[in-house]
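# Residue-level structural notes
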Amino acid sequence: QVQLVESGGGLVQAGGSLRLSCAASGRTFSTYALGWFRQAPGKEREFVAGITGSGSTTLYADSVKGRFTISRDNDKNTVYLQMTSLKPEDTARYYCAVRRVYYSRIYSNPHDYDDWGAGTQVTVSS
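My aim in this report is to walk through the structure given alongside it, one point at a time. Residue indices begin from 1 for each chain and proceed along its sequence in written order. Local features in this predicted model are restricted to residues whose pLDDT is 70 or higher, and side-chain atom pairs enter the listing and the counts only when it is 80 or higher, whereas totals over whole chains, interfaces and linings include all residues. Side-chain measures here rest on the full set of heavy atoms in the structure, leaving out hydrogens and waters.

## Section: the state of the cysteines
- Cysteine sulfur atoms that pair up within 2.5 Å are treated as a disulfide. The final tally for this structure, using the stated rule, is one disulfide.
- Paired through a disulfide, C22 and C96 show a sulfur-sulfur distance of 2.0 Å. Note on the C22 and C96 pair: the S-S dihedral is about 60 degrees, so by sign convention the disulfide is right-handed. Note that C22 is positioned in strand β3 (residues 18–24) and C96 in strand β9 (residues 92–99), a separation of 74 residues in sequence. As far as burial versus exposure is concerned, C22 and C96 are alike and both buried. Runs of E in the DSSP output that reach at least two residues are strands. Runs of H or I that reach at least four are helices, and both are numbered from the N terminus. Buried residues are those whose accessible area, probed at 1.4 Å on protein chains only, stays under 20% of the maximum for their type, while exposed residues exceed 50% and partly exposed ones sit between those limits.

Okay, structure coming up:
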């Protein structure tokens with residue numbers, strides 16, 4: 001099992017920026033794809049962005065494309081989500097998740113991920 005801890009959430013005005021971090025345990029971190037998901041009250045958990053183990057491939061939901069950037073630092077066992085031009089509809093709890101399959105591609109279905117962090121809250125005011 002991989003332990004994941006998210007940080008960096010908070011309250012920001014519309015148009016602002018935040019950078020989320022997801023710190024992971026495990027020696028094989030660099031071989032696993034990771035994803036960022038979010039869930040707003042009363043809504044299903046939705047895919048935001050994903051990145052392969054090497055970091056060479058990324059995938060974004062249409063709703064965040066061009067505004068969010070996912071990256072990773074395998075030396076630090078950390079994945080980041082840089083969020084810019086934030087909108088009130090981005091308000092949600094953000095989770096990172098790992099797919100414990102070596103050299104996997106990115107999946108957008110949360111059921112394809114094995115381990116999850118507790119999440120970090122992002123609130124965007126209008």
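This is not the end of the story, as more comes after the structure.
## Some remarks on the packing of aromatic side chains
- Ring geometry is summarised as follows: Phe, Tyr and Trp rings, the Trp one being its six-membered ring, pair when their centres sit within 6.5 Å, and such pairs are stacked at plane angles under 30 degrees, edge-to-face over 60 and tilted between the two. For the structure shown, the criterion picks out seven aromatic pairs.
- Relative to W116, the ring of Y95 has its centre 6.5 Å away and its plane inclined at 75 degrees; by these criteria the two rings are edge-to-face. One end of the pair, Y95, is in strand β9; the other, W116, is in strand β10 (residues 115–116), and 21 residues separate them in sequence.
- Pairing Y102 with Y103 gives two aromatic rings, centres 6.4 Å apart and planes at 55 degrees, and the pair type is tilted. Of the two residues, Y102 and Y103, neither departs from the other in class, the shared state being exposed.
- By the ring-pair criterion, three or more aromatic residues cluster together here, those being F37, F47, Y95, Y113 and W116.
- Here, a charge over a ring is recorded when the distance from Lys NZ or Arg CZ to the ring centre is within 6 Å and its angle to the ring normal is within 35 degrees. Geometry around F29 places R72 over its ring, the cationic atom sitting 4.5 Å from the centre.
- Positioned above the aromatic ring of Y107 is the side chain of R99, whose terminal nitrogen or guanidinium carbon lies 4.0 Å from the ring centre.

## A word on the side chain of R99
- Mapped onto the elements of the fold, R99 is located in strand β9.
- His is not counted, nor are the chain ends, whereas Lys and Arg count as positive and Asp and Glu as negative. Here, a salt bridge means any side-chain nitrogen of Lys or Arg that lies within 4 Å of a carboxyl oxygen of Asp or Glu. Of the side chains with opposite charge, D112 lies nearest to the buried R99, which makes no salt bridge, at 4.2 Å.
- Identification of polar contacts relies on pairs of N or O atoms within 3.5 Å, with a donor-acceptor requirement for protein atoms, meaning one able to donate a hydrogen and the other able to accept it, and with residues adjacent in sequence counted only if both atoms are side-chain atoms. A polar contact is formed between the side chain of R99 and the side chain of S104, at a distance of 2.8 Å.
- Whether two residues are in contact is decided by their heavy atoms, any of which lying within 4.5 Å being enough. Contacts of R99, omitting those with residues within four sequence positions, involve Y32, A33, S104, R105, Y107, D112, Y113 and D114.

These results come straight from atomic positions and should not be treated as a statement about function.
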